[in-house]
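Summary of the model geometry
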Amino acid sequence: MTSYDPLYDPEKDVHPVVPALEQAIDRARKVLAEKTPANIHDQDEMIRAAYGLHYVLHDLLAALDAEQDQPQ
């Protein structure tokens with residue numbers, strides 16, 4: 001057991017719905033644009049940026065995996 005909560009816990013943080021790849025890409029671009037101006041010297045802003053980017057990256061990878069698993 002750790003003395004902190006991890007950013008991602010695969011047992012608790014599984015996304016039940018995988019977005020379509022196009023939606024995941026759009027969302028990743030939107031969040032990246034939102035987080036780009038974050039002040040690197042502001043710890044709270046960096047935490048929020050890391051958290052937001054972390055989740056869109058998970059969605060993007062899940063969407064890519066789902067697309068690869070589809071029969072062609």
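In this report, we go over the structure that sits alongside the text. The structure presented is a predicted model; accordingly, all values stated were derived computationally and were not measured. (Residues numbered from 1 in each chain as written. Predicted model: local features only at pLDDT ≥ 70, side-chain atom pairs only at ≥ 80, totals over all residues. Heavy atoms only, no water.)

**Some details on the packing of aromatic side chains**
For the structure on display, the rule yields one aromatic pair. With 4.9 Å between their ring centres and 55° between their planes, Tyr51 and Tyr55 make a pair best called tilted. One end of the pair is Tyr51 and the other is Tyr55, both in helix 2 (residues 43-69) and four residues apart, which spans about a single turn. What makes Tyr51 partly exposed here is its relative accessible area of 47%. (Phe/Tyr/Trp six-rings, centres within 6.5 Å; stacked < 30°, edge-to-face > 60°. Helix = DSSP H or I, 4+ residues; strand = E, 2+ residues; numbered from the N terminus. Buried < 20%, exposed > 50% of the residue type's maximum accessible area, 1.4 Å probe, protein only.)

**Side note on the nonpolar core**
Counting residues in each nonpolar core, the largest one holds seven residues, listed as Leu21, Ala24, Ala28, Val31, Val56, Leu60 and Ala63. Those elements that provide at least two residues to this core are helix 1 (21-35) and helix 2. Filtering out sequence-adjacent residues up to four positions away, Leu21 remains in contact with Leu60, Ala63, Leu64 and Glu67. (Core = buried A, V, L, I, M, F, W, Y, C linked by side-chain atoms within 4.5 Å. Contact = heavy atoms within 4.5 Å.)

**So, helix 1**
Helix length check: helix 1, at 15 residues, gives a terminal C-alpha distance of 21 Å against a target of 21 Å (1.5 Å per residue), a fit within 8%. Of the positions making up helix 1, those classed as buried are Leu21, Ala24, Ala28 and Val31. Along helix 1, the residues classed as buried sweep out an arc of 95° about the axis, all on the same side. For helix 1, the exposed residues lying more than 90 degrees away from the buried face are Glu22, Gln23, Arg29 and Ala33. Where helix 1 is buried, its residues touch helix 2. (Expected span 1.5 Å × (residues − 1). Arc of directions from axis to C-beta.)

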